[in-house]
Amino acid sequence: MKLTKFTHACVRLEKDGRVLVLDPGTLSETETALAGADAVLVTHEHADHVDVDAVTAALLGNGALALFAPDGVAAQLRGKAPEAAGRIHAVVTGEDFEAAGFAVRSFGGQHALIHPTIPVVANIGYLIDSNVYHPGDSFVVPDGVDVKTLLVPIHAPWNKVGEVVDFVISVRAAKAFPIHDALLNPNGQGLIEGHVTRIGAKFGTEYRHLSSGDSVEV
């Protein structure tokens, strides 16, 4: 499949003429990412992972577009786009389903802790076609599967470099690419990616930087 990275946490997957988009948030190029999409997966409710207005417009503008998200996000979007309610599906941990011709399995359950005073929200990680794993805002390692392509949350208010490296080591995917990097300047990104590249290689993971708009075959 073809994987295209957009700014921050959004990626677009294309296979056999079908398009699956993950986490089209407000920091991403949502209009471009969602153009011609057949399905959307949302990991959680934070705006940098779901641009509610853009996704609502896409649902109303494309009568075949399906969306999968945690219950709270699904309910919010049904309220925004009641005409599309039948195409908006709530997802829980441990489900297997199909989206736009891609096989999807859900993992996780909750967002990583930012601070004890900040409520924890639902977060679902998605494994697509037993290949690409998007964890959302978490370091949940998917159990019972071998991940081939890992999307790594490089930087966030809820993580630190050591945890990023340990996540890569724990999943041990053959390939890894960055997500969740919009808050980094080039100096910070280079430093973090240097650690991930060097240490990940020791455990069999080839890490490669992708800029917004870059595409790879996975």
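Residues numbered from 1 in each chain as written. Predicted model: local features only at pLDDT ≥ 70, side-chain atom pairs only at ≥ 80, totals over all residues. Heavy atoms only, no water.

### A word on the nonpolar core
Residues Leu20, Leu41, Tyr126 and Ile128 are the most contacted members of the largest nonpolar core, which totals 25 residues. Elements that contribute at least two residues to this core include exactly strand S2 (11-15), strand S3 (18-22), strand S4 (39-41), strand S5 (66-69), strand S7 (96-99), strand S8 (102-110), strand S9 (122-128) and strand S12 (175-179). Sorting elements by how many residues they give to this core places S9 first, with 3 residues. Judged by nonpolar contacts, the second largest core, of 23 residues, contains Leu34, Val42, Leu59 and Val73. (Core = buried A, V, L, I, M, F, W, Y, C linked by side-chain atoms within 4.5 Å. Buried < 20%, exposed > 50% of the residue type's maximum accessible area, 1.4 Å probe, protein only. Helix = DSSP H or I, 4+ residues; strand = E, 2+ residues; numbered from the N terminus.)

### Some thoughts on the packing of aromatic side chains
In total, this model carries 4 aromatic pairs according to the counting rule given. Measuring from ring centre to ring centre gives 5.0 Å for Phe139 and Trp158, while their planes differ by 65°; the resulting arrangement is edge-to-face. Highlighted residues: Phe139 in the loop between strand S10 (132-134) and strand S11 (149-153) and Trp158 in the loop between S11 and helix H4 (161-171), separated in sequence by 19 residues. When its relative accessible area of 22% is taken as the criterion, Phe139 is described as partly exposed. These aromatic residues form a ring-pair network of at least three members: Phe139, Trp158 and Phe167. Lys15 extends its terminal NZ or CZ atom over the ring of Phe102, reaching a point 4.7 Å from the ring centre. (Phe/Tyr/Trp six-rings, centres within 6.5 Å; stacked < 30°, edge-to-face > 60°. Lys NZ or Arg CZ within 6 Å of the ring centre and 35° of its normal.)

### Topic: the pairing of S12
Among the 5 residues that make up S12, 4 are buried, leaving the element largely enclosed by the rest of the structure. With 5 bridges joining them, S11 and S12 adopt parallel strand pairing. Looking across to S12, one finds that Val152 is bridged to Pro178. Between the parallel pair S11 and S12, the chain is carried across by H4, and the sense of this crossover is right-handed. (Pairing = 2+ DSSP bridges. Right-handed = clockwise from strand over helix to strand, strands pointing away.)

### Concerning the packing of helix H2 (residues 52-61) against helix H3 (residues 71-80)
Close contact between H2 and H3 brings their axes to 10 Å; oriented N to C, the two are set at 60°. It follows from the interaxial angle that H2 and H3 lie oblique. Considering only the axes of H2 and H3, their crossing is right-handed. Along the contact surface, H2 presents Val52, Asp53, Val55 and Thr56, while H3 presents Gln76, Leu77 and Lys80. By residue class, the composition of the contact of H2 with H3 is 3 nonpolar, 2 polar and 2 charged. (Axes fitted to C-alpha atoms, helices over the stretch in contact; angles between N-to-C directions. Parallel < 35°, antiparallel > 145°, perpendicular 65-115°, else oblique. Left-handed = near helix turned anticlockwise from the far one by under 90°. Contact = heavy atoms within 4.5 Å. Nonpolar A, V, L, I, M, F, W, Y, C, P; charged D, E, K, R; others polar.)

### Regarding the environment of His115
By the element assignment, His115 lies in the loop between S8 and S9. Take His115: its relative accessible area is 39%, and that puts it in the partly exposed class. Sequence spacing of His115 and Pro157 is 42 residues, and the spatial spacing of their C-alpha atoms is 9.1 Å. Engagement of the side chain of His115 in a polar contact is seen with the side chain of Thr117, the distance being 2.8 Å. (Polar contact = N/O pair within 3.5 Å; in protein donor to acceptor, adjacent residues only side chain to side chain.)

### A closer look at the pattern of salt bridges
Using the criterion set out here, one finds 5 salt bridges in the structure. Between Lys5 and Asp181 there is a salt bridge, with its nearest N and O atoms 3.2 Å apart. Of the two residues, Lys5 is situated in strand S1 (residues 2-5) and Asp181 in the loop between S12 and helix H5 (186-202); the sequence distance between them amounts to 176 residues. For Lys5, a relative accessible area of 2% puts it in the buried group. For Asp181, a relative accessible area of 9% puts it in the buried group. Its salt-bridge partner being Arg105, residue Asp96 comes within 2.9 Å of it at the nearest N-O pair. Overall, the relative accessible area of 54% leaves Asp96 in the exposed class. Residue class for Arg105 comes out partly exposed when judged on its relative accessible area of 32%. (Salt bridge = Lys/Arg side-chain N within 4 Å of Asp/Glu carboxyl O.)

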